[in-house]
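Next come the chains, spelled out residue by residue.
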Amino acid sequence: QGETEHLSYRAEVWHLTDPARTGEIASCVPPGARLLDYVEYALDVPLMFRIVGDEYVVAHGISFREILERGRWPEGTELTLDDIWNQLGAIFTKARLKKGLVELRSTDGQRPQDVSAIPAFWVGLLYDAQARAAALDLLGGLPGRSEMARLVPRLGLEAEWDGRPLSELALDLLAMAKGGLERRISAGDEVPES
């Protein structure tokens, strides 16, 4: 905890960062959104910078949509695919598109020995229909996700969501993910570590 009252000051800082580019995707796009809705959101997020060679050039808040409509940067340079990836990489929602992957940002900064646990958890939870349905059933009905997320930087897993400590919910999700991985191994979709 150190000199702050937060267990994770890093997590608190993200709550204080530019609201146009942080938070949950659900707060940026409508419920039931599709990928196109996310694209519309990403086009309107104000640009922070563009990368020219090795230099970051301040973009002064112009939207990527405005640049696309012009077809070039203000000084006349043509757009590149890297410009699009740089814009997507400067969006800091809890999940974001990056070149070749979807980054789940809430699990960054783990200890080196825990690195492989993160993808194992998400694969077990999201790539197994039974685990995915159980997680949605558990979390989908809980109100006040945004309010709970504000408590986590200060209280960690002792924060409560709908009267239950997050530590209990985390253990439930871990069990679901473990079950999902076990079913994927049984089906031959995963190879266990030897």
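If you're wondering where the values come from, they're calculated on a predicted model, not measured in any experiment. (Residues numbered from 1 in each chain as written. Predicted model: local features only at pLDDT ≥ 70, side-chain atom pairs only at ≥ 80, totals over all residues. Heavy atoms only, no water.)

Caption draft 1: Spotlight on the environment of lysine 98. Locating lysine 98 in the fold gives a position in strand β5 (residues 95-98). According to the relative accessible area criterion, lysine 98 is partly exposed, its value standing at 32%. A sequence separation of 11 residues divides lysine 98 from glutamine 87, and the C-alpha atoms of the two residues are 9.6 Å apart. Beyond its immediate stretch of four places on either side in the chain, lysine 98 contacts Trp85 and Glu103. (Helix = DSSP H or I, 4+ residues; strand = E, 2+ residues; numbered from the N terminus. Buried < 20%, exposed > 50% of the residue type's maximum accessible area, 1.4 Å probe, protein only. Contact = heavy atoms within 4.5 Å.)

Caption draft 2: Representation of the nonpolar core. One finds Leu125, Ala135, Leu138, Leu142, Met148, Ala159, Trp161, Leu166, Leu169, Leu173, Met176 and Ala177 forming the largest nonpolar core, which totals 12 residues. Counting residues per element, the ones that place at least two in this core are α6 (129-140) and α8 (166-186). Broken down by element, this core gets its largest block of residues, 5 residues, from α8. (Core = buried A, V, L, I, M, F, W, Y, C linked by side-chain atoms within 4.5 Å.)

Caption draft 3: Region of the structure containing the packing of helix α5 (residues 117-126) against α8. Direction vectors running N to C along α5 and α8 enclose 75°, while the axes themselves pass 7 Å from each other. Relative to α8, α5 is oriented roughly perpendicular. Contacts from Ala120, Phe121, Val123, Gly124 and Leu125 in α5 reach Leu173, Leu174, Met176, Ala177, Gly180, Leu181 and Arg184 in α8. Each residue belonging to the contact of α5 with α8 can be placed in one class, and the counts come to 9 nonpolar, 2 polar and 1 charged. (Axes fitted to C-alpha atoms, helices over the stretch in contact; angles between N-to-C directions. Parallel < 35°, antiparallel > 145°, perpendicular 65-115°, else oblique. Nonpolar A, V, L, I, M, F, W, Y, C, P; charged D, E, K, R; others polar.)

Caption draft 4: Region of the structure containing the side chain of aspartate 83. Along the chain, the position of aspartate 83 falls in helix α4 (residues 81-89). With no salt bridge to any partner, buried aspartate 83 finds its closest opposite charge in arginine 50, at an N-O distance of 4.9 Å. Of note is the side chain of aspartate 83, whose polar atom sits 2.9 Å from the backbone nitrogen of threonine 80. The contact partners of aspartate 83, leaving out residues within four places of it in the chain, are Phe64, Trp73 and Glu78. (Lys, Arg positive; Asp, Glu negative; His and termini not counted. Salt bridge = Lys/Arg side-chain N within 4 Å of Asp/Glu carboxyl O. Polar contact = N/O pair within 3.5 Å; in protein donor to acceptor, adjacent residues only side chain to side chain.)

Caption draft 5: Quick look at α8. Taking 1.5 Å per residue as the helical rise, α8 with its 21 residues ought to reach 30 Å, and the 30 Å between its terminal C-alpha atoms agrees with that figure. Within α8 the residues assigned to the buried category are Leu166, Leu169, Leu173, Met176, Ala177, Gly179, Gly180 and Arg184. The buried residues of α8 occupy an angular sector of 160° when projected down its axis, which confines them to one face. Seen from the buried face of α8, the exposed residues on the opposite side, beyond 90 degrees, are Leu171, Lys178 and Ser186. On the buried face of α8, the contacting elements are α5, α6, α7 (145-155), β7 (160-161) and β8 (164-165). Phi for glycine 188, located one or two positions after α8, is positive at around 85°. (Expected span 1.5 Å × (residues − 1). Arc of directions from axis to C-beta.)

Caption draft 6: Quick look at the pairing of strand β2 (residues 49-52). Of the pairings in the sheet, the one linking β2 to strand β3 (residues 55-58) comprises 4 bridges and is antiparallel in character. When the bridges of β3 are listed, phenylalanine 49 appears paired with valine 58. Between β2 and β3, which pair antiparallel and follow one another directly, the connecting turn spans 2 residues, one of which, glycine 53, has a positive phi of 65°. (Pairing = 2+ DSSP bridges.)

Caption draft 7: Quick peek at the environment of arginine 154. As for its position among the elements, arginine 154 is in helix α7. C-alpha separation for the pair arginine 154 and alanine 11, spaced 143 residues apart in sequence, amounts to 8.9 Å. If we ignore the near neighbours within four places in the chain, the residues touching arginine 154 are Glu5, His6 and Leu7.

Caption draft 8: Geometry of the pairing of strand β6 (residues 101-104). Relative to β6, β5 runs antiparallel, the two sharing 4 bridges. Paired with arginine 96 across the bridge in β6 is glutamate 103. Linking β5 back to β6 in an antiparallel pair, the connection comprises 2 residues, with glycine 100 at a positive phi of about 85°.

Caption draft 9: Structural context of the pattern of salt bridges. Counted under the stated rule, the structure contains 13 salt bridges. Taking the shortest distance from any N to any O, the salt bridge between glutamate 103 and arginine 96 comes out at 2.4 Å. In this structure, a network of salt bridges that share partners links the residues Glu40, Asp44 and Arg65.

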